[in-house]
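# Fold and geometry: a report
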Amino acid sequence: MARTITEAVTEGPVVLDGGLATQLEAQGRDLSSSVWSAQVLADDPDAVLAAHRAFFAAGAQVATTASYQVSSRGFASVGQDSLHISRLLRRSVRVARQAAHEVDGDAWVAASVGPYGAALGDGSEYRGDYGLSVTQLRRWHKFGIQVLADVGPDVLALETVPCLAEAEALLAEVRGLPTPCWLSMTCDGDRTRAGEPVAEAFAMAAEVDEVIAVGVNCLDPADTPALVALAHATSGKPVVVYPNAGERWDADARRWTGDRTAVAGLVPGWIEAGARLVGGCCRVGPDEISAVADAVGRLRAPTPV
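Predicted, not measured: the structure shown is a model, and the values here were computed from it.

## Points about the pairing of strand β12 (residues 275–278)
Of the strand pairs in this sheet, strand β1 (residues 14–15) and β12 are connected by 2 bridges, and their pairing is parallel. Across the sheet, residue Val 14 finds its bridge partner in β12, namely Leu 277.

Printed below as a string of structure tokens:
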């Protein structure tokens, strides 16, 4: 019988995929829509399937769905209703599952639950300055979480969370669900994007049985070693870590700036500090995930005697 992802992270490191939008762009897809890769999911699901296949071929063991920007607020701007949103959320899991079924070996599907800021399309997921209460954020996230969980992904990826209020809201919404989840914050140093101590989010997650891992994503790779150690020490849970390639997103110009970092070189340190789900986020493509998988493979290899 196949292992669950929960079992896998207790036994050793698991390789995540990289930036789905990055791969879709590499495939020639136009991401200029206000809903980014979600528009590709709506218009050309085969392109999303090809992107998942590319990451699995590179050595990833987890496909993260194209549901990050699928929300009623985001698609209201292009004239779509909640029924359309529900169909897209379900489609995102089915497409990822199709790719996973083609893999000879461990392959899991992580249903992406993006932050409220992803629906605004103004870079506010890198600020966390929503001005919304925990109750308001719970109400906003409830529909998407329920639809995704009902389709049967292996894990819910509560990702790129920029503030404590949203972390609290998400954790409240996943309590009692049959689907495990991970909570991944986006940070600047050891603070959330809203300027709060990120250790408080890790501590909140420690009390939620449905959370199988806590950590960080969509951040500067240079910040990850200390944050992996902090997440593990604070939560006592396995750590998930998948940073960007080192560049910074300019929301006004809608482009990446700065220098790239090879995230694969950080993998041994992450795993030593407690990471069990490792991969990449924005600007990390299949080639870099292949290097991550190679690094994990070397760590798994038995020591010669």
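Resuming the write-up.
## Observations regarding the UniProt feature "binding site: Zn(2+)" (unreviewed entry) in the protein chain
UniProt tags Cys 218, Cys 281 and Cys 282 as "binding site: Zn(2+)" (unreviewed entry). For the residues just named, distributed over 65 residues, the greatest C-alpha separation is only 6.5 Å, placing them together at one site. Along the chain, Cys 218 falls in the loop between β8 (211–217) and α11 (224–235). Given a relative accessible area of 2%, Cys 218 falls into the buried group. In this view, Cys 218 contacts Tyr 126, Thr 160, Thr 186, Arg 193, Tyr 242, Pro 243, Asn 244, Cys 281 and Cys 282; residues no more than four positions away in its chain are not counted. Mapped onto the elements, Cys 281 comes out in the loop between β12 and α13 (286–300). Residue Cys 281 is classed as buried on the basis of its relative accessible area, which comes to 12%.

## Re the side chain of Gln 61
Along the chain, Gln 61 turns up in the loop between α4 (45–57) and β2 (62–64). Relative accessible area serves as the criterion here: at 11%, Gln 61 is assigned to the buried category.

## Looking at the pattern of salt bridges
The final tally for this structure, using the stated rule, is 9 salt bridges. With a shortest N-O distance of 3.1 Å, Arg 127 and Asp 129 are connected by a salt bridge. Since its relative accessible area comes to 35%, Arg 127 is described here as partly exposed. We classify Asp 129 as partly exposed; its relative accessible area is 49%. Residues joined by salt bridges that share partners form a network here, namely Arg 3, Glu 11 and Asp 106.

Conventions used here
- Residues numbered from 1 in each chain as written.
- Predicted model: local features only at pLDDT ≥ 70, side-chain atom pairs only at ≥ 80, totals over all residues.
- Heavy atoms only, no water.
- Pairing = 2+ DSSP bridges.
- Helix = DSSP H or I, 4+ residues; strand = E, 2+ residues; numbered from the N terminus.
- UniProt positions renumbered as here; feature names shortened; annotations may be inferred.
- Buried < 20%, exposed > 50% of the residue type's maximum accessible area, 1.4 Å probe, protein only.
- Contact = heavy atoms within 4.5 Å.
- Salt bridge = Lys/Arg side-chain N within 4 Å of Asp/Glu carboxyl O.

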